[in-house]
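Letter by letter, the chains look like this.
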Amino acid sequence: MLALPNELRDAIAQALAAVPAQRWIHAAQEVSARYRGPRSAKHQALASGTEQALGYAALVLPATYAQLVGAFAATAARLPGWQPSTLLDLGSGPGTALWAASTQWPNIGAMYAYEREPALLSLGRTLASASAHPTVQAAHWQRGDLAQFAPTECYDLVVLGHVLNELDPSLRQQVVARAWAATAGVLLIVEPGTAVAFEVVRAAREALLVEGAYTIAPCAHNLPCPLANDWCHFPQRLHRPEFQRRARGAPSQWEDSKFAYAAMARFASPAPIWGRVIREPAYNKAYAEAIVSTTHGVIEAVRALKRHREAFRQVKGLEWGQALIAPPEVEASAEAD
Ligand SMILES: C[S@@+](CC[C@H](N)C(=O)[O-])C[C@H]1O[C@@H](n2cnc3c(N)ncnc32)[C@H](O)[C@@H]1O
């Protein structure tokens, strides 16, 4: 099961040890409530000051790390052989995406983090100094407001991780356009797996399609999203570090962290897929069913009857988020009944 890298987990634990536990736990719960809260409650910074930055690292970072790892893995699977040399993390917080990217692309050459809150930048630098990965250790940290972000250089991989939904809606389109202007390869947008945050990702993807971007993941097509009155998100299971369990007041050792995302590129994937499973496959006494977003830009329910044992087993065994090279062979046998 996915876990935080040991050096990151230990560096967070060490930073937390400098503050009385009840203070960082209280700060973590405040930050988490703000993070999950409705937009109207987001007029203030998500986390400012040392204690709130620590609270973010204790409670929110493990989940955003898991989500970024999940989205990076799905992106890399569609881009075999692609190796980013440079990464720009916009709204980096404590540098969560730097750590996640270094596990997916260990040969990445240079990393740049752009963040408004000094306490998060400072914590990010401290955590990065504990990394065993030379590129994370040597990351460049820049203080800046995304409202003023105007790129002068391009980066192979640009990340907007859990940021767009934090911005005033009037600013999102500009930030997406400027992030795209800074993208030489892939722009990855990740948001929490909620219906509201999905709409933020959907709008960004559709604006990027107009600019000629190619969808790498999760969709198998470059058409507008076919989901009507519906949305999609994906799970990433994470082993919870001890400090996260304490901050959450939840004893469970693991959680399924859900995310919505769009990986958009300057080039098409060399590894086409037929579709992606966008819900947990369901089954009952009669059949197994998987909901798949397909290359034709439509949603298909792939259903296998229970008496067609092999097809039933196959559909039941599909994973939520799995990319499918070809449609499972179930239709002919189902129709025969
Ligand atoms: C939910 S956190 C995500 C942090 C990190 N990317 C992650 O995935 O864990 C949102 C981050 O965006 C930053 N942020 C929000 N508005 C910003 C702005 N206008 N300019 C720069 N950073 C901003 C916040 O300070 C915070 O660090």
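Note that the coordinates shown come from a computational prediction; the quantities given were computed from them, not determined experimentally.

Visitor: Before we move on, can you summarise the site of the ligand with the specific residues and values?
Guide: Taken together, 22 residues are adjacent to the ligand, and Thr64, Gly91, Gly93, Thr96 and Gly161 come closest. Elements supplying a minimum of two residues to the shell around the ligand: helix H3 (50-78) and helix H4 (96-104).

Visitor: Could you give an account of the domain arrangement of the chain, naming the residues involved and the relevant values?
Guide: You can read the domains of the chain as domain 1 (6-265) and domain 2 (275-335). Placing the centre of domain 1 and that of domain 2 at their C-alpha centroids yields a distance of 31 Å. Listed by contribution, the elements that provide at least two residues to the side of domain 1 that touches domain 2 are H3 and strand S7 (234-239). Here the side of domain 1 that touches domain 2 is built from residues that sort into 11 nonpolar, 1 polar and no charged.

Visitor: So what's going on with the nonpolar core? Which residues, and what values?
Guide: One finds Ala58, Leu188, Ile189, Tyr261 and Ala263 to be the most contacted residues of the largest nonpolar core, which totals 102 residues. It is H3 that contributes the most residues to this core, 17 residues altogether. A domain split of this core shows at least three residues from each of domain 1 (6-265) and domain 2 (275-335). Once residues lying within four places of it in the same chain are set aside, the contact partners of Ile189 are Leu160, Leu164, Val201, Ala204, Tyr261 and Ala262.

Visitor: Please give an account of the packing of H3 against helix H5 (residues 118-128) that cites residues and values.
Guide: Viewed as axis vectors pointing N to C, H3 and H5 meet at an angle of 55°, and their least axial separation amounts to 8 Å. In terms of orientation, H3 lies oblique with respect to H5. For the pair H3 and H5, the sense of crossing is right-handed. For the pair H3 and H5, the contacting residues are Thr50, Gln52, Ala53, Leu54 and Ala57 in the first and Ala119, Leu120 and Leu123 in the second. Its residues assigned to classes, the contact of H3 with H5 shows 6 nonpolar, 2 polar and no charged.

Visitor: Could you give an account of the environment of Ala326, with specific residues and numbers?
Guide: Take Ala326: it is sitting in the loop between strand S13 (323-324) and helix H11 (331-335). In this structure Ala326 comes out as exposed when scored by C-beta crowding, with 8 C-beta atoms within 10 Å. Remark: the alpha-carbon pair of Ala326 and Ile273, spanning 53 residues in sequence, is separated by 6.9 Å.

Cut-offs and rules
Residues numbered from 1 in each chain as written. Predicted model: local features only at pLDDT ≥ 70, side-chain atom pairs only at ≥ 80, totals over all residues. Near = placed C-beta within 6 Å. Helix = DSSP H or I, 4+ residues; strand = E, 2+ residues; numbered from the N terminus. Domains from an automatic or database assignment. Nonpolar A, V, L, I, M, F, W, Y, C, P; charged D, E, K, R; others polar. Core = buried A, V, L, I, M, F, W, Y, C linked by C-beta atoms within 7 Å. Buried ≥ 20, exposed ≤ 12 C-beta atoms within 10 Å, placed from the backbone. Contact = placed C-beta atoms within 7 Å. Axes fitted to C-alpha atoms, helices over the stretch in contact; angles between N-to-C directions. Parallel < 35°, antiparallel > 145°, perpendicular 65-115°, else oblique. Left-handed = near helix turned anticlockwise from the far one by under 90°.

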